[in-house]
Structures are given as structure tokens and as C-alpha cells.
Amino acid sequence: MKKLAFIILFLLSPTLIAQERLQLVASVKPLQLVAHAIVADLGEVDLLIPPGASPHHYALKPSDIRVLQKADLVVWVGPDMEQFLEKTLQRYDRPVLQLMKNDEDEHEVHHEDEHEAHHEHEHQASHDEAEEDDADHHHHHGDVDPHVWMDPIYMLEAAEHIKEMLQAQFPELSDKLEANYQAFKRDLLLADKQIKQQLTPYQSNGFVVFHDAFSLFVEHYGLNQRAYFTVDPAQTPGAKKLARIERILKEPDVRCVFVEPQFKAPIVERIVDDLPVNLGRLDPLAIDVSLTEGYVGYLRSLANSIEACLQ
């Protein structure tokens, strides 16, 4: 079974040590937001996959290769999310932080107690749908959701690993990196507590999402996700799945259907037009979130969107 784990490939060179400003690369925008909180004014964090593009289907450009070759640290999820990146990272001697591994023997990240209490009703329904639909089953992410940035506690651990790797390479920046990490930790834990309070009144209100990207957020905050339309956003859901979702949307506790800004979903909008449910928007890739707003701002934007649609 696949396990969440951090993999650190750490390679030192005189070039890294001599560099004045930090140069990091993050595969997707939410990871860039986390890394930027640690780097702050000590350097830059380049984004590999541009806003609006899907990490499931991205193809590297020559300019991307040049950015990766100069990186002091590359932060990515792993081959389950950015399959296109795996061979390229193996080819170049750059420090890499991989957030997810498929090896049972690798150290598993420990979560808070609330992560151990999964919402069996919602999740079983979602997994049953994937099993019943052949196309979804073929593209299913596996036993662990690779959208790891949806879990704020996991991202706090990722931030700590980023800090430690940079401190090892740039000991002269150790104090500044530590201060940046502590500020991020303080802000994130406060926001996490406030978001839990914000969303608690809506935990029984059901909703459906466009694609299966939010389960870690749902679990962490005890929300009632009833179904998803697709695992792969590039794939149209089948007729059986659409019929199941229509039945779910007619249940009295279901309040909202969420679409995503990256993908057009006319079939979703058509279904919602005929039903007494709200249509909301959830962004799995933080495309409209600035570096100034940061990862904490991204979490708050997700919470605000959920609250507005479930009311």
C-alpha cells in the first residue's frame, strides 16, 4: 500500500555553497507558497507548472530544464502527481524533496489524531464509485491522495524539511530560515484553529466536487463530501456515475456542487441548473493566490468558498 513519506535527496557542491541567493523550484503553486514562506527575502521560488496547467498532463519545456539545473532545492509531490518529472530529476544532481513515496518501508509521516478518524461514509461512497466506474478505476490515484498540500499539518512538516535542507546547505542563513519557519508555523496553526471553528457548523452539509482533489482537506476539517465527478479532470464521467450523482444531489442534506477554475465543466453546470443546490468554486492549485497571501491565505480562501456554498 502506498504511504505518505518525505524523501530527501541531498547533494552538496561548492557551487551551492557559494551561491548568494537561494534558488528553489516547486512543481505546483501550493508547494511554491509553502517554500516561499521559508525562503522569504532570502531568494526566489520558481513555479514549474504554470497557473491553469494540470500537473497530471504537463510536459517539460527547455526553459523548465534550465530552471531545474540551477535549483538549490526542488520540491515536488512524487510520480503519482507529476509523473513527467521523475526521470528528469533522476538525471540531474540537484537536491530534491519528494513529499510522497510508494514504498511501504519508507518512514510514514505522522498526522494529528484527527487524521486517523476518517469519515467512512463519505469516503466509502467515493471509493465505491471509483470501483464501479471502469474509467475512474483505471485512473484512480491509489491508496493515498497525492494532493498532499490539502493537509495543513503535512505542509507544516514539509516546511520543516525545506528549512532543514536549506540550513544544511547554507548554515550562514540558519537563523533567518528558522525565524521564517517559526513565523509560518505560528500563522498556520492559528489559521488551522480558526478554520476548524469556521467550518464546524457546516460539517453535516453534503457537497460534491468536480474532481477527487480535496479528500485530505475534507478529512482534516470533518466535512461531508458525498461524491466527485471524476478522478482525472481530462476525463468525462460516465452515464452511470452521472446518474448516481444526480440521485445524491437530490438528497436534502446536499447543498453544493464545486467546480474548478482550471477546467470547464458544462455537464456539471447542466445538472446543477435543474436542482436546488448551489454552485461553488474550489481551486485545487491556488492559481489566484499571491505569494503575499501565501499558503495560509490559500487555506482561508478554500474555507471561505466552502462556507459560502454550504450556507
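Our structure is the block above this text.
A brief look at the structure comes next.

Rules of the game
- Residues numbered from 1 in each chain as written.
- Predicted model: local features only at pLDDT ≥ 70, side-chain atom pairs only at ≥ 80, totals over all residues.
- Heavy atoms only, no water.
- Helix = DSSP H or I, 4+ residues; strand = E, 2+ residues; numbered from the N terminus.
- Buried < 20%, exposed > 50% of the residue type's maximum accessible area, 1.4 Å probe, protein only.
- Contact = heavy atoms within 4.5 Å.
- Phe/Tyr/Trp six-rings, centres within 6.5 Å; stacked < 30°, edge-to-face > 60°.
- Core = buried A, V, L, I, M, F, W, Y, C linked by side-chain atoms within 4.5 Å.
- Arc of directions from axis to C-beta.
- Salt bridge = Lys/Arg side-chain N within 4 Å of Asp/Glu carboxyl O.
- Axes fitted to C-alpha atoms, helices over the stretch in contact; angles between N-to-C directions.
- Parallel < 35°, antiparallel > 145°, perpendicular 65-115°, else oblique.
- Nonpolar A, V, L, I, M, F, W, Y, C, P; charged D, E, K, R; others polar.
- Disulfide = S-S within 2.5 Å.
- Pairing = 2+ DSSP bridges.
- Right-handed = clockwise from strand over helix to strand, strands pointing away.

1. What to know about the environment of glutamine 262
- Along the chain, the position of glutamine 262 falls in the loop between β8 (254-259) and α12 (266-273).
- Of the residues examined, glutamine 262 reaches a relative accessible area of 13% and is grouped as buried.
- For the pair formed by glutamine 262 and proline 51, sequence separation is 211 residues and the distance between their alpha carbons is 8.4 Å.
- Ignoring sequence-local partners within four residues, the contact set of glutamine 262 consists of Gly52, Asp283, Pro284, Leu285 and Ile287.

2. A word on the packing of aromatic side chains
- Taken as a whole and judged by the stated rule, the model has 5 aromatic pairs.
- Both rings, one in tyrosine 58 and one in phenylalanine 84, keep their centres 5.4 Å apart while their planes meet at 70°; by these two values the pair is edge-to-face. Of this pair, tyrosine 58 sits in the loop between β3 (43-47) and α3 (62-69) while phenylalanine 84 sits in the loop between β4 (73-76) and α4 (86-91), and the two are 26 residues apart along the sequence.
- By relative accessible area, which is 12% here, tyrosine 58 ends up buried.
- Ring geometry for phenylalanine 184 and tyrosine 295: centres 6.4 Å apart, planes at 50°, overall tilted.

3. Re the nonpolar core
- Counting residues in hydrophobic clusters, the biggest one holds 80 residues, and the most contacted among them are Trp149, Met155 and Ile162.
- Among the elements that make up this core, the one with the highest residue count is helix α13 (residues 294-310) (9 residues).
- Within the second largest apolar cluster, 18 residues are counted, among which are Leu249, Val257, Val259 and Ala265.

4. Quick word on unusual backbone geometry
- Despite not being glycine, alanine 40 has its phi angle at roughly 50°, a positive value.
- As for its placement among the helices and strands, alanine 40 is situated in the loop between α2 (29-39) and β3.
- Given a relative accessible area of 26%, alanine 40 falls into the partly exposed group.
- We note that alanine 286 has phi near 55°; this positive angle belongs to a residue other than glycine.
- Locating alanine 286 in the fold gives a position in the loop between β9 (278-281) and α13.

5. What to know about α3
- Buried within α3 are the following residues: Asp64, Ile65 and Leu68. Around the axis of α3, the buried residues are gathered within 100° of arc, so they sit on the same side.
- Against the buried residues of α3 lie β2 (22-26), β4 and α4.

6. As for the pattern of salt bridges
- Counted according to the given criterion, the structure contains 8 salt bridges.
- Across the salt bridge formed by lysine 61 and aspartate 64, the nearest N and O atoms sit 3.5 Å from each other.
- Given a relative accessible area of 39%, lysine 61 falls into the partly exposed group.
- Taking relative accessible area as the criterion, aspartate 64 reaches 7% and is therefore assigned buried.
- Of the charged contacts, one joins glutamate 251 and arginine 226 as a salt bridge, the two residues approaching to 2.8 Å between their closest N and O atoms. Residue glutamate 251 is located in the loop between α11 (239-249) and β8, and its partner arginine 226 is located in strand β7 (residues 224-230); the two are separated by 25 residues in the primary sequence.
- Exposure remark for glutamate 251: the relative accessible area of 30% places this residue in the partly exposed category.
- Salt bridges sharing common partners tie together Arg226, Glu251 and Asp253.

7. Regarding the packing of α2 against α13
- For the pair α2 and α13, interaxial distance at closest approach is 7 Å and the crossing angle is 135°. In terms of their interaxial angle, α2 and α13 are classed as oblique. Listed contacts from α13 to Pro30, Leu33 and Val34 of α2 are Gly294, Tyr295 and Tyr298.
- Tallied by class, the residues present in the contact of α2 with α13 amount to 5 nonpolar, 1 polar and no charged.

8. Describing the state of the cysteines
- All chains considered together, the criterion is met by 1 disulfide.
- There is a disulfide in this structure between cysteine 256 and cysteine 309, and the S-S distance comes to 1.8 Å. Across the S-S bond linking cysteine 256 and cysteine 309, the dihedral sits near 85°, which makes this disulfide right-handed. One end of the pair, cysteine 256, is in strand β8; the other, cysteine 309, is in helix α13, with 53 residues separating them in the sequence.

9. A few points about the pairing of β4
- Going residue by residue along β4, you find Leu73 and Val75 tucked away on one face and Val74 and Trp76 tucked away on the opposite face as well.
- In this sheet, β4 lies alongside β2 in parallel orientation, the contact comprising 3 bridges. Along β4, the bridge assignment pairs alanine 26 with valine 75.
- In this sheet, strand β5 (residues 96-98) lies alongside β4 in parallel orientation, the contact comprising 3 bridges. Among the inter-strand pairings, tryptophan 76 is bridged to a residue of β5, identified as glutamine 98.
- Handedness of the crossover is the feature at issue here: the chain leaves β4, passes through α4, returns alongside β5, and the resulting connection is right-handed.

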